[in-house]
Amino acid sequence: MGSIGVGRAPVARANVYRLDLDGLRGVAIALVVVFHVWFGRVSGGVDVFLVLSGYFFTGLLVRQAESGSVRVGFTVLRTLRRLLPALVVVLAAVVVATVALRPITQWGDVADQTLASLFYYQNWHLAMGWSDYLAADPSVSPLQHLWSMSVQGQFYLAITVLLAGAAWVCRRMRRPGALRPALLVLLGVLTVSSFLYARHGVDNQQGWNYYDSFARAWELLSGALLALAAPWLSPPRLVRSILALAGLAVVAVCGRLVDGAAVFPGPYALIPVGATAALILAGNNLAPPARPRLLRYLAARPTVELGALGYALYLWHWPFLIFFLAERDTPTAGFAGGIAVIAISLVLAYATHHLIEEPLRLRSPSNAAPTLSTRTSPDHTRSAGYSSTHNPIGRSSGTEPLDTHPVERSESLKSAPSSVIEHASSTNAFASGPVEHVQPTAALVPSALIEHAARLESGMPGESVTPLMAGKPSLIEHSSSTNSFDPQPVEHVQSTAPLEPSTPSLIEHASTADAFDANPVESAVPAPVEPVGADRPGTPGGHIEPAASARFGRASSFEHSSGTEVLDGHPSAPVESVTLEKPIQSVARGALRESAIPDEQSASSTATFGASKRASRATAGAARRAGVRRGNIRYRRRVGALVATLGVLAIAVSGGWRVAMGANPPRPPTSLNPLEYPGGEALASGVRVPHARMRPSVLEAPDDVPQSTADGCISDFDTTTLITCDYGDTSATRTLAVVGSSHAEHWLPALDILAHRHRFRLRVMFKMGCPLTVSDNVSYKGQTIPDCRDWSRQVIDLLGRQRPDWVFTTGTRPRDGVGDETPQDYLDVWSQLSERGLNVLAMRDTPWLRRDGVRYRATDCLARGGTSSGCGLPRDYALDPVDPEIAPASRFPNVVPIDLTDAVCAPDVCPVSAGNILIYHDEHHLTATYSRSLAPALERTLRPILGWW
């Protein structure tokens, strides 16, 4: 795909890499894990990640546009190359664990969610099913947490296309400087629109709203706006300290302040979003020593290292927790269990990060070393160094190096240690070919080394700083005779052209991927090279990667990290283009004198001997590095092949299961011989039960639903539309209105038999999760349904106008603990119906399958080898000894309570099957087949009440 570029934006003071934001990632992921494991609440940590994702990724794209290009296709592929390996490994592990440990009834759900997660539409898959973001328990999907990955992936694609389009328009209008202002306006409008949309969704359809990409967009766009406005955001020091303190405190306590599952991403999400923005602003446009002390603590090694594992830890902790709870059949992990879950998740995350993510993030050294290039005019005329034809990236990827900014004067080099100048004066750590010695006005200086020098002076907490060049020969001497990749002599030339390396902008280190990843380096993607400490455009947070400091002493700037040498193209030691205040040779000579190495003009014999010795060592070192490179290449290829194989297998298994089920779908029975399948009559009348295969089967049960569901005659969770349908004898003059939630609906198959047999009409009015109520606080599975009251009022008003002979609805519901109840809002409905002169049949609700407050499906329990009674509930646990609606109904002459518990439960237990028929098709709804078997018992109960037969 082509490149779209614009010119430069207004400049801003640049910073070094924001290690404190890596630490913020660590704090956020710790909160996510702890709250999931022990508190069963949303911590706000994911919202922190969303803001950081928008901040990093948008900043990267803007800098690319300002430096000359936004390669949409390449950006998308690069991001997927970074994110998919760890995701594929986790998905493959979940598929294997599901097949090995979970019942066959759950395979379809996991298969669907595996494909949804892999192709980044998991949030929509969950929204369509109106899954609430429950506290972790065995009934929850092990992949439910990946909704946030899908939201971020969709945002990355959308913002890339949007920014590329904006850059193209600015270029065509010859207004490159208008890019940032235009984007600030455009994204500002989108942010406000998304926020208002999310606010409306909280009040009307929170179950959908929680997963909705556009409702979530304002959180990511808030970070994007910060990235765009960063050049102009430099608060006073006192304000910075207040922002840091308040931001960190709010992030820490957010999960205890609000129940995020019920109110995010509405206005309450301003709490974690605002706190994250405060922490970003607190350190914006400041060097590390000048940042508030709390930010320097955030940059300590433990939090930064945890942040580096954040993405992998987020992927692993939830599925492991769910499988742990399911295998132990418990709703909570407990303290010891929680510690074990976290410890194992950390081990898995560490292994995934270092063995999968890091190796596959890097190109092989031969393809990952951008070369030096220069540009002296807008038409990219090359005047010194290497042209794009010598760039291995251009050869391997089919792309050309990104344009770089003209180098500018850097004040940071005044205090740089001599080793920095020595290294900068001779070689680029990313270069893959012989580096030509020039006499330039610019040099390459690793920003990591400059940051090391700053830390040595400032004493930042928690960071290990190693003397960079102790006991090592000067790098300028090494480079004067040989290049780090080629033991051939380096040709000395003279040039007056400035050097502009096409090295990756180190802002990309934290920007190329989502905010879960603390090390999203793309060594194969050159980006704008900007001077350390100088003014440069579009530096949101000034992310410049320090090599050794980011790794905290695991490898020096010139040693290998994660199995790949820096000089072999490892992106842990990127460099920055600077303009020196004096010719590089004089700076280098001064550095040599400081290192007690005689100047070449006064000690030629010593220099000759030293050069010979160094050349020998360099040759041996190059051979060792070549061996390491070959080993790393082989390892990366093997890991890449393994990940690709796992991805193909995950798709094949998940897709194959869905194809197989689609080609031969389970077909629940429409009619059964009552002699072989007495169903409810086996409990209600004690009829003999012959030996026969249970119907519907555990795979047929989910589709064994009332006809009204198949006909769409039930309002879903996200609408207040009142839908009415007629069943039974539609030409009859007598009408029984069946109204309420799906628990009134699951009696429809039995009532339909009676309506046809005794010639009366059934008029149905159903809404998912909404019993007939006038209460303002209605919830289902922990999610509020704000429009339930409005829908119920429409139903009550319509019943008052149509005046059916009887109204059939539910009169009880299960308590949160033991037994069942008739709540006050049901009595309020009875009052409303009594005022309209309507007669009410109040049916006692059927038991809900739950243990310790955790719902479970009968089909899952049976598929794991459970028995009908073993998978059922003790009757005294499921229901009160006496129907709780009897007493309050005595105050309403028009209300008649009905209780068919004896047709669903035995005297001591409420089983999950009876009379060879499965009772439940999920956790609490009757199968249509079992409902039909209840027609005889219902007929006997209604005969004296209705008097219609």
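Here, every reference points to the structure presented above.
Before going into details, it helps to say that this report is about the structure given with it.

## What to know about the overall build of the chain
Turning to step 1, where the next piece is worked out: A tally of helices and strands in the chain yields 35 helices and 22 strands.
Turning to step 2, where the next piece is worked out: In the chain, buried positions account for 61% of the 949 residues.
Turning to step 3, where the next piece is worked out: Sequence-distant contacts, at least 24 apart, represent 81% of the contacts inside the chain between residues at least 6 apart.
Turning to step 4, where the next piece is worked out: Split by element, the accessible area of the chain, about 35,000 Å² in all, is 59% carbon and sulfur.

## As for the state of the cysteines
Disulfide: a covalent bond connecting the sulfur atoms of a pair of cysteines.
Turning to step 1, where the next piece is worked out: Applying the stated criterion to the full structure yields four disulfides.
Turning to step 2, where the next piece is worked out: Covalently, Cys-713 is tied to Cys-725 through a disulfide, its sulfur atoms 1.9 Å apart. Here the disulfide of Cys-713 and Cys-725 is left-handed, its torsion about the S-S bond being about -80°. Here Cys-713 is found in the loop between α26 (707-711) and β7 (725-728), whereas its partner Cys-725 is found in strand β7, with twelve residues between them in sequence.
Turning to step 3, where the next piece is worked out: Relative accessible area serves as the criterion here: at 16%, Cys-725 is assigned to the buried category.
Turning to step 4, where the next piece is worked out: Disulfide pairing is shown between Cys-905 and Cys-910; the S-S distance is 1.9 Å. Note on the Cys-905 and Cys-910 pair: the S-S dihedral is about 100°, so by sign convention the disulfide is right-handed.
Turning to step 5, where the next piece is worked out: Using a relative accessible area of 1% as the deciding quantity, one classes Cys-910 as buried.

## Quick notes on a nonpolar patch on the surface
Turning to step 1, where the next piece is worked out: Taken together, Trp-38, Phe-39, Phe-335 and Ile-339 make up a surface patch of nonpolar side chains, about 420 Å² in accessible area.
Turning to step 2, where the next piece is worked out: Every element with two or more residues in the nonpolar patch is listed here: α1 (19-39) and α16 (334-361).
Turning to step 3, where the next piece is worked out: With respect to the secondary-structure elements, Phe-39 resides in helix α1.

## A word on the pairing of strand β15 (residues 840-843)
The side chains of a regular strand alternate between the sheet's two faces.
Turning to step 1, where the next piece is worked out: With burial as the criterion, each face of β15 is covered, one bearing Val-840 and Ala-842 and the other bearing Leu-841 and Met-843.
Turning to step 2, where the next piece is worked out: Inspection of the sheet shows strand β12 (residues 806-810) paired to β15 by four bridges, in the parallel sense. Note on β15: the bridge partner recorded for Thr-810 is Met-843.
Turning to step 3, where the next piece is worked out: Across four bridges, β15 lies against strand β19 (residues 895-898) in parallel orientation. Bridge pairing in β19 links Leu-841 to Val-896.

## Section: the sheet that holds strand β8 (residues 735-740)
Turning to step 1, where the next piece is worked out: The strand order across the open sheet built from six strands is β7-β9-β8-β12-β15-β19, with neighbouring strands paired in mixed fashion. Whereas interior strands pair on both sides, the edge strands pair on one side only; in this sheet they are β7 and β19. Strand-to-strand twist of the sheet, defined as the mean angle between neighbouring strand axes without regard to direction, takes the value 25°.
Turning to step 2, where the next piece is worked out: Together, β7, β8, β9 (761-766) and β12 form the strand contacts of helix α28 (residues 748-758), whose direction differs from that of β9 by roughly 160°.

## Quick notes on the side chain of Ser-67
Turning to step 1, where the next piece is worked out: Here Ser-67 shows up in helix α2 (residues 45-67).
Turning to step 2, where the next piece is worked out: A relative accessible area of 4% places Ser-67 in the buried class.
Turning to step 3, where the next piece is worked out: In this structure the side chain of Ser-67 is engaged in a polar contact, spanning 3.0 Å, whose partner is the backbone oxygen of Gln-64.

## Details of unusual backbone geometry
Turning to step 1, where the next piece is worked out: In this structure, the amide linkage connecting Phe-264 to the following residue, Pro-265, adopts the cis form with an omega of 5°.
Turning to step 2, where the next piece is worked out: If you trace the backbone, Pro-265 turns up in the loop between α11 (260-263) and α12 (270-282).
Turning to step 3, where the next piece is worked out: Each neighbour pair has its own omega, and for Arg-695 with Pro-696 the value is -10°, a cis peptide bond.
Turning to step 4, where the next piece is worked out: Here Pro-696 shows up in the loop between α25 (680-684) and α26.
Turning to step 5, where the next piece is worked out: A positive phi is found at Arg-759, a non-glycine position, where the angle reads about 60°.
Turning to step 6, where the next piece is worked out: With respect to the helices, strands and loops of the structure, Arg-759 is situated in the loop between α28 and β9.
Turning to step 7, where the next piece is worked out: Of note, the phi angle at Arg-803 is positive, near 50°, even though the residue is not glycine.
Turning to step 8, where the next piece is worked out: Considering the arrangement of structural elements, one finds Arg-803 in the loop between α29 (788-802) and β12.

## Examining helix α7 (residues 179-204)
Turning to step 1, where the next piece is worked out: Between its first and last C-alpha atoms α7 spans 37 Å; for 26 residues at 1.5 Å apiece the expected length is 38 Å, and the two agree.
Turning to step 2, where the next piece is worked out: Of the residues making up α7, those classed as buried are Leu-179, Arg-180, Leu-183, Leu-187, Gly-188, Thr-191, Ser-194, Phe-195, Ala-198, Gly-201 and Val-202.

## What about the packing of aromatic side chains?
What characterises a pair of aromatic rings is the spacing of the ring centres plus the angle enclosed by the ring planes.
Turning to step 1, where the next piece is worked out: On inspection of all chains with the given rule, the structure shows 15 aromatic pairs.
Turning to step 2, where the next piece is worked out: Judged by centre distance (5.4 Å) and plane angle (55°), the ring pair of Tyr-55 and Phe-56 falls under tilted.
Turning to step 3, where the next piece is worked out: A relative accessible area of 1% places Tyr-55 in the buried class.
Turning to step 4, where the next piece is worked out: Residues Phe-760 and Trp-948 carry aromatic rings whose centres are separated by 5.1 Å and whose planes lie at 55° to one another, so their mutual orientation is tilted. Taken together, the residues span a long stretch of sequence, with Phe-760 in the loop between α28 and β9 and Trp-948 in the segment after α35 (935-946) at a distance of 188 residues. Note on accessibility: Phe-760 and Trp-948 belong to one class, buried.
Turning to step 5, where the next piece is worked out: A connected cluster of aromatic rings, assembled from ring pairs, spans Phe-57, Phe-155 and Tyr-156.
Turning to step 6, where the next piece is worked out: Here the basic side chain of Arg-216 rests over the ring of Tyr-210, its NZ or CZ set 4.5 Å away from the ring centre.

## Things to note about the pattern of salt bridges
Turning to step 1, where the next piece is worked out: This structure, assessed with the given rule, holds 26 salt bridges.
Turning to step 2, where the next piece is worked out: A salt bridge links Asp-47 to Arg-216, with the shortest nitrogen-to-oxygen separation between them at 3.0 Å. A residue pair is termed long-range when its members are at least 10 positions apart, and Asp-47 in helix α2 and Arg-216 in helix α9 (residues 213-229) qualify at 169 residues. Just as Asp-47 is buried, Arg-216 falls in that class too.
Turning to step 3, where the next piece is worked out: Put simply, Arg-813 and Glu-821 hold a salt bridge, and the shortest N to O gap is 3.5 Å.
Turning to step 4, where the next piece is worked out: Each of the salt bridges in this network shares a partner with another, and the network as a whole consists of Asp-820, Arg-844, Asp-883 and Asp-899.

Cut-off values and rules
- Residues numbered from 1 in each chain as written.
- Predicted model: local features only at pLDDT ≥ 70, side-chain atom pairs only at ≥ 80, totals over all residues.
- Heavy atoms only, no water.
- Helix = DSSP H or I, 4+ residues; strand = E, 2+ residues; numbered from the N terminus.
- Buried < 20%, exposed > 50% of the residue type's maximum accessible area, 1.4 Å probe, protein only.
- Contact = heavy atoms within 4.5 Å.
- Areas by Shrake-Rupley, 256 points an atom, 1.4 Å probe, with all protein chains shown as cover.
- Disulfide = S-S within 2.5 Å.
- Patch = residues over 30% accessible without salt bridge, like charges linked within 9 Å, V, L, I, M, F, W, Y side chains within 5 Å.
- Salt bridge = Lys/Arg side-chain N within 4 Å of Asp/Glu carboxyl O.
- Pairing = 2+ DSSP bridges.
- Axes fitted to C-alpha atoms, helices over the stretch in contact; angles between N-to-C directions.
- Polar contact = N/O pair within 3.5 Å; in protein donor to acceptor, adjacent residues only side chain to side chain.
- Expected span 1.5 Å × (residues − 1).
- Phe/Tyr/Trp six-rings, centres within 6.5 Å; stacked < 30°, edge-to-face > 60°.
- Lys NZ or Arg CZ within 6 Å of the ring centre and 35° of its normal.

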